[in-house]
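# Topology and contacts: notes
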Amino acid sequence: VARQTLYNWLQPFWLQEPTPIRTSFRSEVLIIDGKYVERSAGVLVACTTRKVVSWQFTQRENNATWLAFLSTLQYIPLAIVCDGQRGMLRALAERYPRVIIQRCQFHVIHYCLLRLTKQPETKAAQELRCIVIQISQIKTKQQFSYWLGAYIVWRKTYDLFLKEKTYQENSFTPKGRKKWHYTHGRLHAAHSHLKNALPNLFQYLRYPQIPNTTNFVEGAINSQMQEKLRFHRGLQLTKRRVLIAYFLATKQR
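Small disclaimer: the values here were computed from a predicted structure and weren't measured. (Residues numbered from 1 in each chain as written. Predicted model: local features only at pLDDT ≥ 70, side-chain atom pairs only at ≥ 80, totals over all residues. Heavy atoms only, no water.)

### Notes on the layout of surface pockets
- Quantified by volume, the largest pocket comes out at close to 430 Å³.
- Lining the largest pocket we find Asp83, Gly84, Gln85, Arg86, Leu89, Arg103, His107, Tyr111, His193, Asn196, Ala197 and Asn200.
- Looking at the lining of the largest pocket, the elements with two or more residues in it are α3 (86-95), α4 (105-116) and α8 (185-197).
- With 3 residues, the top contributor of residues to the lining of the largest pocket is α8.
- Across the lining of the largest pocket, the residue classes tally to 3 nonpolar, 6 polar and 3 charged. (1 Å grid on protein atoms, 1.4 Å probe; cavity = no way out; pocket = protein on both sides within 12 Å on 5 of 7 lines; lining within 4 Å. Points joined across faces, edges and corners; volume = space filled by probe spheres on them. Helix = DSSP H or I, 4+ residues; strand = E, 2+ residues; numbered from the N terminus. Nonpolar A, V, L, I, M, F, W, Y, C, P; charged D, E, K, R; others polar.)

### Topic: empty space enclosed by the protein
- Following the criterion strictly, the structure yields 1 cavity of 30 Å³ or more and no others.
- Taken as a whole, the largest cavity spans an internal volume of roughly 40 Å³.
- Residue lining of the largest cavity: Gly34, Lys35, Tyr36, Gly42, Val43, Leu44, Thr58, Arg60 and Glu61, and that is the complete set.
- Contributing elements (two or more residues each) for the lining of the largest cavity: β1 (29-38) and β2 (41-47).
- Residues belonging to the lining of the largest cavity are distributed by class as follows: 3 nonpolar, 3 polar and 3 charged.

### A look at unusual backbone geometry
- Unusually for a residue other than glycine, Ser27 sits at a positive phi of about 65°.
- Inspection of the secondary structure assignment puts Ser27 in the loop between α1 (3-14) and β1.
- Even without being glycine, Thr117 reaches a positive phi, approximately 70°.
- As for its placement among the helices and strands, Thr117 is situated in the loop between α4 and α5 (123-133).

### Some words on the packing of α5 against helix α6 (residues 141-157)
- One way to put it is that α5 packs onto α6 with a least axis distance of 11 Å and a crossing angle of 165°. Considering the angle they form, α5 stands roughly antiparallel to α6. Once α5 is placed against α6, the crossing between them reads as left-handed. Packed against α5, whose contacting residues are Ala124, Glu127, Leu128 and Ile131, the element α6 presents Trp147, Ala150, Tyr151 and Trp154 at the interface.
- Of the residues contributing to the contact of α5 with α6, the split by class is 7 nonpolar, no polar and 1 charged. (Axes fitted to C-alpha atoms, helices over the stretch in contact; angles between N-to-C directions. Parallel < 35°, antiparallel > 145°, perpendicular 65-115°, else oblique. Left-handed = near helix turned anticlockwise from the far one by under 90°. Contact = heavy atoms within 4.5 Å.)

### As for the pairing of strand β3 (residues 52-58)
- Burial of β3 is extensive: 6 of the 7 residues sit out of reach of the surface.
- Pairing of β2 with β3, which is carried by 6 bridges, proceeds in the antiparallel orientation. Within the sheet, the bridge partner assigned to Leu44 lies in β3 and is Gln56.
- Between β2 and β3, which follow one another and run antiparallel, lie 4 residues. (Buried < 20%, exposed > 50% of the residue type's maximum accessible area, 1.4 Å probe, protein only. Pairing = 2+ DSSP bridges.)

### Observations concerning α3
- Those residues of α3 that sit buried are Gly87, Met88, Ala91 and Leu92. Taken down its axis, α3 places every buried residue within 135° of arc, on the same side. The outward face of α3, more than 90 degrees from its buried face, is lined by the exposed residues Arg86, Ala93 and Glu94.
- Buried residues along α3 sit against β1, α2 (63-71), β4 (79-82) and β5 (100-103).
- Two to three positions downstream of the cap, the backbone nitrogen of Gly87 sits 3.0 Å from a side-chain oxygen, assigning the N-cap of α3 to Gln85. (Arc of directions from axis to C-beta. Polar contact = N/O pair within 3.5 Å; in protein donor to acceptor, adjacent residues only side chain to side chain.)

### Focus: the sheet that holds β1
- The 5 strands lie next to each other as β3-β2-β1-β4-β5, forming an open sheet whose pairing is mixed. Of all strands in the sheet, those bounded by a partner on one side alone are β3 and β5. Averaged over neighbouring strand pairs, the angle between their axes works out to 20° when direction is ignored.
- The pairing of β1 with β4 spans 3 bridges and is classified as parallel. If you follow Val29 over to β4, its bridge partner there is Ala79.
- Running at roughly 170° to β3, helix α10 (residues 237-250) makes contact with β1, β2 and β3 of the sheet.

Bear in mind that shape data such as this cannot, by itself, settle questions of function.
Rendered as structure tokens:
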């Protein structure tokens, strides 16, 4: 068969973009994540631990787009596992105010270790790095109790150290105040991220059916989606969108 003949046979498929089938996920755990196809195009995906529930293409990942996507879902899940993107969390608080939220431990650990680096210079950063690494090893409430005690001791010990500020010479705000930044900025950023994630970081200890990461989406959806795009690199954005829709449609079965 000639290449052009094969192209003509397959051309109608590029004109038909599959749409999500209404799927029930009542009383199940919902995992949500966003994946950028290119700088100004992405797809928001919701799935259970068994299959894809729904998806929606968007130009950017923010509060408005997440709220619009979540509004298309008709059921209330038992819990939601997510990476904690800021706009996503605001949308979840508005759409599902009483649903249990489990932050993905992998994303929290990755962010903190990225800020702390592999070989921190200060003792405070070295100790916090050990505390962060231990998060993934917590499997019981007793282990969590020990970990939380160590974290509280660390926080009390280095509270003033974290708040140290450095003022910039000959640099002022519009109101005439000296500009400043945290002296230990990377350490402060890592701790702030951990502190903000902490209320939703260990929900799986109370509810064993809740996974503590979004690895199902990352492995079964995002990585395979990226592989499909790599095999078909060079496609126009409209065709990439159709390709992703066909791939996600197969994951709904």
